[in-house]
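Okay, here's what each chain looks like letter by letter:
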Amino acid sequence: MPVKLVSDRYGKSRVRLMRVTKHFDHHDLDEWTVQILLTGDFETAHTQGDNSKILPTDTMKNTVYFVARESKADSVEDYAKELVDYILSRNPQVSTAEVVIESTLWNRLSIEGKPYPTTFARGSDERQTATVSRAQGEGFRITSGLDRLTLLKTANSAFAGYIKDALTTLPETTDRLFGTALKAEWTYTAAALADGIAFNKVRAHLRETIISTFAKHDSLSVQQTLYAMAEAALAHTEIIDEVHMLMPNKHNLLVDLSRFGQTNPNHIFVPTDEPHGTIEATIRRA
């Protein structure tokens, strides 16, 4: 039976590095996990075992290190653009190169009330993310984001009026803990990409907007709060045209201690790992 190779892509995943940039009076520290994915003229490698157009993944790994050492980029997006350009310029058989980066947060340690120039402490599990791709002879496509942004509010969160049947055990509530680990990604307008973007400033601004909306929103459902955060992001940043958000609902169950004669107004909740409801939506400008 005749067959045809419709598409293929290969690359290198989980290249981890820590880059120290030394300045006169302080050091900067970046920790990145990098993935490279290549699309191109690789059919003969599949059909004939001909590797003459294949870039070894070992070379990709070393390219990640080499470009990072030479780079003066202060954002993962700008570094990814340099890495994509480096690969495409040296590999005409590659039609499209894509780089995905996850950045781990490190905070400068404060000693005696002042930031210490060369010592850092790991921040939260939150990650900064970027996906950058470009086809030969074309412009960049860039998506930036945040992942594992863990948030929790102890007021202004309700859940009522939902479908109930014989299997429903969840009681309606107007006073619950609302916890989540948000993943948010946004794309930029073509005009913004042409003009140039201060990616770190945009990410910091959107993060603050998202957090502020989460804190202030009178939530009747997880979906409503997700939509409100995405809507606020689009309203506060004109250079993005679409926001995608994913929010697992991290349940916290209220322990009923009234049968023991409890009179203290404090509420006791038990965090639960399972089950998590998942809410996902994409919102773009009309």
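Everything below is about the structure shown above.
Residues numbered from 1 in each chain as written. Predicted model: local features only at pLDDT ≥ 70, side-chain atom pairs only at ≥ 80, totals over all residues. Heavy atoms only, no water.

Engineer: Residues and numbers for the nonpolar core, please.
Structural biologist: Counting residues in hydrophobic clusters, the biggest one holds 55 residues, and the most contacted among them are Val 34, Ile 36, Leu 38, Tyr 79, Leu 83, Trp 186 and Met 245. When residues of this core are assigned to their parent elements, the largest contribution, seven residues, is made by helix α3 (residues 76-90). Discounting chain neighbours no more than four positions away, the residues touching Val 34 are Lys 12, Ser 13, Arg 14, Val 15, Val 64, Tyr 79, Leu 83, Val 99, Val 100 and Ile 101. (Core = buried A, V, L, I, M, F, W, Y, C linked by side-chain atoms within 4.5 Å. Buried < 20%, exposed > 50% of the residue type's maximum accessible area, 1.4 Å probe, protein only. Helix = DSSP H or I, 4+ residues; strand = E, 2+ residues; numbered from the N terminus. Contact = heavy atoms within 4.5 Å.)

Engineer: Tell me about the sheet that holds strand β6 (residues 178-188), and name the residues and values.
Structural biologist: Read across the open sheet, the eight strands follow the order β1-β2-β3-β4-β5-β6-β7-β10; overall the sheet is antiparallel. Strands with a single pairing partner mark the edges of an open sheet, and in this sheet they are β1 (10-22) and β10 (277-284). Here the strands of the sheet are splayed against their neighbours by 20° on average, with no regard to which way each runs. Against the sheet, α3 makes contact with β1, β2 (27-40), β3 (94-111), β4 (114-135), β5 (140-153) and β6, and its axis sits at roughly 145° relative to β3, the strand it touches most. (Pairing = 2+ DSSP bridges. Axes fitted to C-alpha atoms, helices over the stretch in contact; angles between N-to-C directions.)

Engineer: Pulling in residues and values, what's your account of helix α2 (residues 57-70)?
Structural biologist: In an α-helix, one turn spans 3.6 residues; hence positions three or four apart end up facing the same way. Between its first and last C-alpha, α2 extends 20 Å over 14 residues, near the 20 Å set by a 1.5 Å rise per residue. Buried residues in α2 make contact with β1, β2 and α3. (Expected span 1.5 Å × (residues − 1).)

Engineer: Could you give me a rundown of the packing of aromatic side chains, with the residues and numbers involved?
Structural biologist: Taken as a whole and assessed by the stated rule, the structure comprises six aromatic pairs. Between the aromatic rings of Trp 32 and Tyr 79, the centroid separation amounts to 4.7 Å while the plane-to-plane angle is 25°, which identifies the pairing as stacked. Linking Trp 32 in strand β2 with Tyr 79 in helix α3, this pair joins segments that are 47 residues apart in sequence. Of the two residues examined, Trp 32 and Tyr 79, each falls in the buried class. (Phe/Tyr/Trp six-rings, centres within 6.5 Å; stacked < 30°, edge-to-face > 60°.)

Engineer: An account of the side chain of Arg 134 is requested, with residue identities and associated values reported.
Structural biologist: Mapped onto the elements, Arg 134 comes out in strand β4. Judged by relative accessible area, which is 13%, Arg 134 ranks as buried. Of note is the side chain of Arg 134, whose polar atom sits 2.9 Å from the side chain of Asp 85. (Polar contact = N/O pair within 3.5 Å; in protein donor to acceptor, adjacent residues only side chain to side chain.)

Engineer: Lay out the environment of Ser 71 with the relevant residues and their values.
Structural biologist: Tracing the backbone through its elements, the reader meets Ser 71 in the loop between α2 and α3. By relative accessible area, Ser 71 is classed as buried at 10%. As a C-alpha pair, Ser 71 and Tyr 227 span 156 residues in sequence and 37 Å in three-dimensional space.

Engineer: Break down the pattern of salt bridges for me, with residues and values.
Structural biologist: Here the idea is simple: oppositely charged side chains can pair when their charged atoms come close. Going through the model one piece at a time under the given rule, you end up with 13 salt bridges. Between Asp 85 and Arg 134 there is a salt bridge, with the nearest N and O atoms lying 2.9 Å from each other. Here Asp 85 is found in helix α3, whereas its partner Arg 134 is found in strand β4, with 49 residues between them in sequence. The salt bridge involving Arg 207 is made with Glu 126; its shortest N-O contact spans 2.8 Å. Here Arg 207, found in helix α5 (residues 199-216), pairs with Glu 126, found in strand β4; they are 81 residues apart in sequence, far enough to count as distant. In the salt-bridge network here, residues are joined through shared partners; they are Glu 102, Arg 127 and Arg 148. (Salt bridge = Lys/Arg side-chain N within 4 Å of Asp/Glu carboxyl O.)

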